[in-house]
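# Coordinate inspection notes
As a plain string of letters, each chain reads:
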Amino acid sequence: MSHITNARVTAVEHLTDRLFSFTTTRDPGLRFHSGQFIMLGLEVNGRPLLRAYSIASAPYEDELGFLSIKVPDGPLTSRLQHLRPGDEILLGRKPTGTLVPELLEPGERLYLFATGTGLAPFLSLIRDPDIYARFEQIVLVHGCRHAAELAFRRMITEELPQHELLGAEVCARLRYVPTVTREPFPTRGRIDALIEDGRLAAMLDLPPLDPAADRAMLCGSPAMLASLRTVLEARGFAEGSHASPGQFVVERAFAER
Ligand SMILES: Cc1cc2nc3c(=O)[nH]c(=O)nc-3n(C[C@H](O)[C@H](O)[C@H](O)COP(=O)(O)OP(=O)(O)OC[C@H]3O[C@@H](n4cnc5c(N)ncnc54)[C@H](O)[C@@H]3O)c2cc1C
């Protein structure tokens, strides 16, 4: 059996000139855990051109959702950004990844730190009942340069609290902190700075990050991951792995080529 399958695009939404989201049909046989990524792409010159993509929809949903960058000269996204409903895309059959709670020791609070399209896996996790069963509080922090890039804000702040099954949990236990670096916004600054200068804890009215109680998942640019890793390790957090669960886990939102 081929490791690639086909799916059909069902909807496309352009969020900014650098960002779009789309949904596809889902093979009923495709199983995944919230937080995982999958290979996704197009056939180009008769050959598959695939890239890693985090699944932004919840595991119980009938369709698959994705959030994508548009890299102007990117081999895949220069083409992918022209997708229309009805188009076919290629999908890998084996979702994988490290942003799964099994790699974390049990804890009280789960911090989800994202920049840019690093939000995508957390859009799946915050819609998964399992995460609310495991943690008393979920704190989603999303950093972008411009406010327009804070994708899915309305879904997080308006639709999810009204969700038929999850709404009550979300209202009581999900905190959302959008932060912007390059223009005026209620919360301004990089995520590492918000942690280090105590603003994040103050605005949430929570104690400073502590490996005894807190767990963290990181997904963002290589620079964001490097700086947050330093911040967490300085506070005594250890990275989790399949061999040994820890207090934080990391996934790249993209690789520098
Ligand atoms: C585990 C994993 C999960 C990923 N999940 C997503 C996802 O959910 N959504 C998504 O858009 N991309 C995601 N990516 C990145 C994705 O695999 C591709 O790099 C992206 O689609 C661009 O493909 P491309 O062929 O057009 O350009 P590429 O040749 O892949 O990239 C060219 C350059 O564009 C920049 N770049 C690539 N992706 C991004 C990005 N997401 N944000 C900012 N700059 C970027 C980098 O500087 C890169 O060197 C993920 C990557 C990894 C490793």
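Residues numbered from 1 in each chain as written. Predicted model: local features only at pLDDT ≥ 70, side-chain atom pairs only at ≥ 80, totals over all residues.

A word on the site of the ligand. The local shell around the ligand holds 24 residues, among which Arg51, Gly74, Leu76, Thr77 and Phe254 are the closest. Broken down by secondary-structure element, the contributors of at least two residues to the shell around the ligand are β4 (47–54), β5 (64–69), α1 (77–80) and β11 (248–252). Ranked by residue count, the leading element in the shell around the ligand is β4, at four residues. Tallied by class, the residues present in the shell around the ligand amount to twelve nonpolar, seven polar and five charged. Each of domain 1 (4–92) and domain 2 (101–252) contributes no fewer than three residues to the shell around the ligand. (Near = placed C-beta within 6 Å. Helix = DSSP H or I, 4+ residues; strand = E, 2+ residues; numbered from the N terminus. Nonpolar A, V, L, I, M, F, W, Y, C, P; charged D, E, K, R; others polar. Domains from an automatic or database assignment.)

Turning our attention to the nonpolar core. Residues Leu112, Phe113, Phe122 and Ile138 are the most contacted members of the largest nonpolar core, which totals 63 residues. Two domains each provide a minimum of three residues to this core, namely domain 1 (4–92) and domain 2 (101–252). Residues within four places of Phe122 in sequence aside, it is in contact with Leu112, Ala114, Leu140 and Cys219. (Core = buried A, V, L, I, M, F, W, Y, C linked by C-beta atoms within 7 Å. Buried ≥ 20, exposed ≤ 12 C-beta atoms within 10 Å, placed from the backbone. Contact = placed C-beta atoms within 7 Å.)

Our next topic: the domain arrangement of the protein chain. Split by domain assignment, the protein chain resolves into domain 1 (4–92) and domain 2 (101–252). Elements supplying a minimum of two residues to the side of domain 1 that touches domain 2: β1 (4–16), β2 (19–24) and β5. Among the elements that make up the side of domain 1 that touches domain 2, the one with the highest residue count is β5 (four residues). Classifying every residue of the side of domain 1 that touches domain 2 by side-chain character gives ten nonpolar, seven polar and no charged.

Strand order in the open sheet formed by six strands is β4-β3-β6-β1-β2-β5, and the pairing between neighbours is antiparallel. Because the sheet does not close on itself, it has two edges, and the strands there are β4 and β5. When strand polarity is set aside, the average angle formed by the axes of neighbouring strands in this sheet is 40°. Relative to β4, strand β3 (residues 37–44) is paired through eight bridges, and the arrangement is antiparallel. Note on β4: the bridge partner recorded for Glu43 is Pro48. (Pairing = 2+ DSSP bridges. Axes fitted to C-alpha atoms, helices over the stretch in contact; angles between N-to-C directions.)

This part takes up helix α8 (residues 222–234). With 13 residues, α8 should cover 18 Å at 1.5 Å per step; its first-to-last C-alpha distance of 18 Å lies within 8% of that length. Among all positions of α8, only Met224, Leu228 and Leu232 are buried. Looking straight down α8, one finds its buried side chains confined to an arc of 55°; they lie on one side. When the buried face of α8 is taken as reference, the exposed residues oriented beyond 90 degrees from it are Pro222, Ala223, Ala226, Thr230 and Ala234. Here the buried face of α8 lies against β7 (109–115), α6 (191–196), β10 (214–220) and β11. (Expected span 1.5 Å × (residues − 1). Arc of directions from axis to C-beta.)

Our next topic: the sheet that holds β11. With parallel pairing, five strands are arranged side by side in an open sheet as β9-β8-β7-β10-β11. The sheet is open, and its two edges are formed by β9 (174–180) and β11, each paired on a single side. Averaged over all pairs of adjacent strands, the angle between their axes in this sheet comes to 10°, without regard to strand direction. Here β10 runs beside β11; their pairing, made up of five bridges, is parallel.

For residues other than glycine, phi is negative in most cases, and the peptide bonds are mostly trans. At Asn45, a residue that is not glycine, the phi angle is positive and equals roughly 50°. The residue Asn45 is located in the loop between β3 and β4 in this model. Judged by the 5 C-beta atoms lying within 10 Å of it, Asn45 falls in the exposed class.

Moving on, we come to the pairing of β3. Here β3 folds back onto β4 in antiparallel fashion, the turn holding two residues, of which Asn45 has a positive phi close to 50°. The pairing of β3 with strand β6 (residues 88–92) spans two bridges and is classified as antiparallel. Bridge pairing in β6 places Leu40 opposite Leu91.

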